[in-house]
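Residue-level structure breakdown
Here is how the chains run, residue by residue.
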Amino acid sequence: MPITIRPASADDALRVVEVYVDSWNAGFVGLMPPIALDEGRVARWAGELAEGNWWVAEYDGVVAGLVGVGPSRDPLDPQLGELDTIGVDPTYWRTGIGTALMHKALDELAAGYPEAILWTLADYDRGQRFYASTGWQPDGNTRDNGHQVSYRFTFSWNHT
């Protein structure tokens, strides 16, 4: 089945939250407390998705992943983009959906920024391997008492 990437909308909120919660709970076992799907989380995501800069990946007509980008929030820097969130339903891990979403995010970030940042858990080996495999490099910065580390991507070359 081909993967389709399309802009997300507020109508996608319930499924996006399902993907987000499932990917969080499966990916962060032992690293972060589990989270739950609830009406408040769905409402917050509906608002986020309505603002743009979010995309979903569909596989066989089912939303299987999401990605969002925007300006860097930490540090605040108008010349620095940020990979906000990327998540894939664990049912679809290792199918190419995460890579397709990352390429979309990098395309969008490259259109507006010379460089981008992402923050991830310091002990999240699976995520760090994925980021490295898609061209991100650790930059040595930490926050949250060392619990999070940042990666950078410089858009000097075409990443595809």
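Look up a bit, the structure's there.
Remember, predicted model here, so these are calculated numbers, not experimental data.

Turning our eyes to something else, we now look at the layout of surface pockets. Reported here for the largest pocket is a volume of approximately 1100 Å³. For the largest pocket, the lining is made up of 34 residues, of which Phe28, Ile86, Tyr124, Gly127 and Tyr131 are closest to its centre. Counting residues per element, the ones that place at least two in the lining of the largest pocket are α1 (13-27), β4 (76-88), α3 (97-110), β5 (115-121) and α4 (125-133). Classifying every residue of the lining of the largest pocket by side-chain character gives 16 nonpolar, 11 polar and 7 charged. The calculated volume of the second largest pocket comes to roughly 180 Å³. Lining the second largest pocket we find Glu48, Glu51, Gly52, Asn53, Trp54, Val69, Gly70, Pro71, Arg73, Glu82 and Asp84. Elements that contribute at least two residues to the lining of the second largest pocket include exactly β3 (62-73) and β4. When residues of the lining of the second largest pocket are assigned to their parent elements, the largest contribution, 4 residues, is made by β3.

A separate point is the side chain of Glu82. Mapped onto the elements of the fold, Glu82 is located in strand β4. Within the structure, Glu82 has its side chain in polar contact with the side chain of Arg73 (distance 2.7 Å).

Time to look at helix α2 (residues 39-50). In this model, α2 (12 residues) spans 16 Å end to end at C-alpha, consistent with the 16 Å of a helix rising 1.5 Å per residue. Of the residues making up α2, those classed as buried are Arg41, Val42, Trp45 and Leu49. For α2, the buried positions fall inside an angular range of 95° around the axis, keeping them on one side. Facing away from the buried surface of α2 by more than 90 degrees, the exposed residues are Glu39, Ala43, Arg44 and Ala50. The inward-facing, buried residues of α2 abut α1, β2 (54-59), β3 and β4. Capping of α2 at its N-terminal end is provided by Asp38; its side-chain oxygen lies 3.2 Å from the backbone amide nitrogen of Gly40. Once α2 finishes, Gly52 follows within two positions and takes phi at roughly 90°, a positive value.

Conventions and cut-offs
- Residues numbered from 1 in each chain as written.
- Predicted model: local features only at pLDDT ≥ 70, side-chain atom pairs only at ≥ 80, totals over all residues.
- Heavy atoms only, no water.
- 1 Å grid on protein atoms, 1.4 Å probe; cavity = no way out; pocket = protein on both sides within 12 Å on 5 of 7 lines; lining within 4 Å.
- Points joined across faces, edges and corners; volume = space filled by probe spheres on them.
- Helix = DSSP H or I, 4+ residues; strand = E, 2+ residues; numbered from the N terminus.
- Nonpolar A, V, L, I, M, F, W, Y, C, P; charged D, E, K, R; others polar.
- Polar contact = N/O pair within 3.5 Å; in protein donor to acceptor, adjacent residues only side chain to side chain.
- Expected span 1.5 Å × (residues − 1).
- Buried < 20%, exposed > 50% of the residue type's maximum accessible area, 1.4 Å probe, protein only.
- Arc of directions from axis to C-beta.
- Contact = heavy atoms within 4.5 Å.

Keep in mind that these numbers describe shape and distance, not what the molecule does.
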